[in-house]
Amino acid sequence: MTGTLNREFPPIFDGHEDFITQVRMRTPGFPPKPPRDFLVESEEGHVDLPRALRGGLGGCFTSIYLTDERAEMNAVGYAMREMDDVFTIADRSDGRFRVCRTVAEVRDAFAASAFASVFMFEGADPISWSLKELRVFYEAGLRCLAPTWSRSTIFAHGVSFGDALPATGLTPPGRRLVAECNRLGIILDVSHLNPAGFWDLVAESHDPIIASHSSVKAISPHVRNLDDEQIRAIAKTGGAIGINFANMFLRPDMKRDSDTPVDLVVQHFAHVLNLVGDEHVAFGTDFDGTDVPGAIKDAAGLPLVCSALKARGYSETSLERICNGNFLRVAEEVWK
Ligand SMILES: [Zn+2]
């Protein structure tokens, strides 16, 4: 557990990582391998502390994600269990992994080469129509919420791959959920929402919104990506878009093919930069939740993307905004 954060580029605050599902589950096979340890370097998956430090990855929104079965059976219980796993990493880390609730805590973690983890729910399945759970999860550190994963909740509808898109947007409880997130200071995340839900959320939220892990539809026409109108709408709220590194969301052919050049990743950043400027684009790698370009491989490969952005002529100020400034600006505004 040694090492300091690579500061060749500004520290990256990533919009979306799924490592908790990877570090708590056993790797399949016989005999089954023990769960991997976030604090120890591994060859598996994309993120652990040593690789994050080498890659200049200072922290992320740590996704609490539930499988269909868990969401149906006991969403509150499983969400609490995953959050407890995150707190346990922090307990064992000797201050090198921190659960952060404020922007100041995130910046302090960057300065100390500690990993800044902020809780987000990828799907509001653990929240009931009463919204009572939301307040308690907020107190536990929840600072970002996507109303759905790629399925429906009582609040909204997600884009499930291959199925027809539901035509309706936020439900009446969904509108109350948006208002309560605005009141408490929880960032709303539109990644995974169907288009009708997206536009309802844009209209309802008083705060800036984010797409924590979505890419550009003009380059890859995947249903999970954002069209130019949606990108402009997020920018207009003062929000930000984290570019997703999933091969199928990057590639024009939408194939799960890891032979995807770094330059294609950078083209997604450049598209948003050209469209709405440098204050609305960020990283949203989806590490440990998908397959990413082989050239990047894992968190240690992030400097390749920063180098490629720099080579395109983006300034130090733009890089700072892309790497962490944009998400942290939104956080500062929403968390209050
Ligand atoms: Zn996702």
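In what follows, the accompanying structure is described. (Residues numbered from 1 in each chain as written. Predicted model: local features only at pLDDT ≥ 70, side-chain atom pairs only at ≥ 80, totals over all residues. Heavy atoms only, no water.)

1. Brief notes about the overall build of the protein
Along the backbone of the protein there are 12 helices and nine strands. Here the C-alpha atoms of the protein give a radius of gyration of 18 Å, agreeing with the 20 Å that 2.2 N^0.38 yields for 336 residues. Considering only C-alpha atoms, the protein reaches an extent of 50 × 45 × 40 Å along its principal axes. Here the protein, with 336 residues, has 59% of them falling under the buried criterion. Contacts in the protein between residues at least 24 apart in sequence constitute 70% of all its contacts with a sequence separation of at least 6. Surface accessibility of the protein: about 13,100 Å² in total, with carbon and sulfur atoms responsible for 53%. A gap of 2 Å separates the mean positions of the 34 positive and 46 negative side-chain charges of the protein. (Helix = DSSP H or I, 4+ residues; strand = E, 2+ residues; numbered from the N terminus. Rg over C-alpha atoms; globule rule 2.2 N^0.38 Å. Buried < 20%, exposed > 50% of the residue type's maximum accessible area, 1.4 Å probe, protein only. Contact = heavy atoms within 4.5 Å. Areas by Shrake-Rupley, 256 points an atom, 1.4 Å probe, with all protein chains shown as cover. Lys, Arg positive; Asp, Glu negative; His and termini not counted. Charge placed at Lys NZ, Arg CZ, Asp CG, Glu CD.)

2. Re the sheet that holds strand β9 (residues 281–283)
The strand order across the open sheet formed by three strands is β7-β8-β9, and the pairing between neighbours is parallel. For this open sheet the edge positions go to β7 (210–211) and β9, each flanked by a neighbour on one side alone. Looking at chain direction, β7 and strand β8 (residues 240–243) are connected through two bridges and run parallel. Bridging across to β8, Ile210 finds its partner in Ala240. Lying over the sheet, helix α10 (residues 262–276) contacts β8 and β9, oriented at roughly 155° with respect to β9. Where helix α12 (residues 316–335) meets the sheet, it contacts β7, β8 and β9, and its direction lies at approximately 110° from that of β9. (Pairing = 2+ DSSP bridges. Axes fitted to C-alpha atoms, helices over the stretch in contact; angles between N-to-C directions.)

3. Thoughts on the packing of helix α5 (residues 132–139) against helix α6 (residues 172–184)
Contact geometry for α5 and α6: axes closest at 11 Å, N-to-C directions at 30°. As judged from the angle between their axes, α5 and α6 are roughly parallel. Between α5 and α6 lies a crossing of right-handed hand. Here Leu134, Arg135 and Tyr138 of α5 come into contact with α6, specifically with Leu177, Glu180, Cys181, Arg183 and Leu184. Residue composition of the contact of α5 with α6, by class: five nonpolar, no polar and three charged. (Parallel < 35°, antiparallel > 145°, perpendicular 65-115°, else oblique. Left-handed = near helix turned anticlockwise from the far one by under 90°. Nonpolar A, V, L, I, M, F, W, Y, C, P; charged D, E, K, R; others polar.)

4. Some words on the coordination of the zinc ion
Around the zinc ion, the protein supplies Glu122 (OE), His192 (NE2) and His213 (NE2) as donor atoms, at distances of 1.8 to 2.3 Å. The sequence motif formed by the donor residues of the zinc ion is E-x69-H-x20-H. With His192 in the loop between β6 (187–188) and α7 (195–204) and His213 in the loop between β7 and α8 (228–236), this pair connects stretches of sequence that are 21 residues apart. On the basis of relative accessible area, His192 is assigned to the buried category, the value being 6%. Judged by its relative accessible area of 1%, His213 is buried. (Donors = N, O, S within 2.8 Å, 3.2 Å for Na, K, Ca; no water.)

5. Some remarks on α10
Because each turn of an α-helix spans 3.6 residues, side chains separated by three or four positions in sequence point in the same direction. For α10, built from 15 residues, the straight-helix expectation of 21 Å at 1.5 Å per residue is met to within 8% by its first-to-last C-alpha distance of 22 Å. Taken together, the buried positions of α10 are occupied by Val262, Leu264, Val265, Val266, His268, Phe269, Ala270, His271, Val272 and Leu273. In the core, the buried residues of α10 are packed alongside α8, β8, α9 (247–250), β9, α11 (302–311) and α12. One or two residues past the end of α10 sits Gly277, with phi positive at roughly 90°. (Expected span 1.5 Å × (residues − 1).)

6. Some thoughts on the packing of aromatic side chains
A full pass over the atoms with the stated rule returns 15 aromatic pairs. Look at Phe38 and Phe97: their rings are 5.3 Å apart centre to centre, the planes differ by 75°, and that puts the pair in the edge-to-face class. Pair noted here: Phe38 is in the loop between α1 (19–24) and α2 (49–55) and Phe97 is in strand β3 (residues 97–99), with a separation of 59 residues, a long-range link. A relative accessible area of 1% places Phe38 in the buried class. An aromatic cluster is built from Phe19, Phe38, Phe97 and Phe115, whose rings are joined through pairwise contacts. A cation over a ring is seen here: Arg143 above Tyr138, with NZ or CZ 3.8 Å from the ring centre. (Phe/Tyr/Trp six-rings, centres within 6.5 Å; stacked < 30°, edge-to-face > 60°. Lys NZ or Arg CZ within 6 Å of the ring centre and 35° of its normal.)

7. What about the nonpolar core?
Counting 80 residues, the largest nonpolar core has Phe38, Phe245, Phe269, Phe283 and Val305 as the members making the most contacts within it. The biggest single contributor to this core is α10, with eight residues. Cys100, Val106, Cys144 and Ile187 belong to the second-largest nonpolar core, a separate cluster that totals 22 residues. (Core = buried A, V, L, I, M, F, W, Y, C linked by side-chain atoms within 4.5 Å.)

8. Describing the pattern of salt bridges
Pairing is possible between side chains of opposite charge, provided their charged atoms come close. Applying the stated criterion across every chain, the model contains 20 salt bridges. Asp288 serves as the salt-bridge partner of Arg36, at 2.9 Å between the closest nitrogen and oxygen. Linking Arg36 in the loop between α1 and α2 with Asp288 in the loop between β9 and α11, this pair joins segments that are 252 residues apart in sequence. Of the two residues, Arg36 and Asp288, neither departs from the other in class, the shared state being buried. Close ionic contact of Asp298 with Lys297 constitutes a salt bridge, the shortest N to O distance being 3.6 Å. On the basis of relative accessibility, which here comes to 6%, the residue Asp298 falls in the buried class. Here the residues in one salt-bridge network are Asp48, Arg51, Lys297 and Asp298, joined through shared partners. (Salt bridge = Lys/Arg side-chain N within 4 Å of Asp/Glu carboxyl O.)

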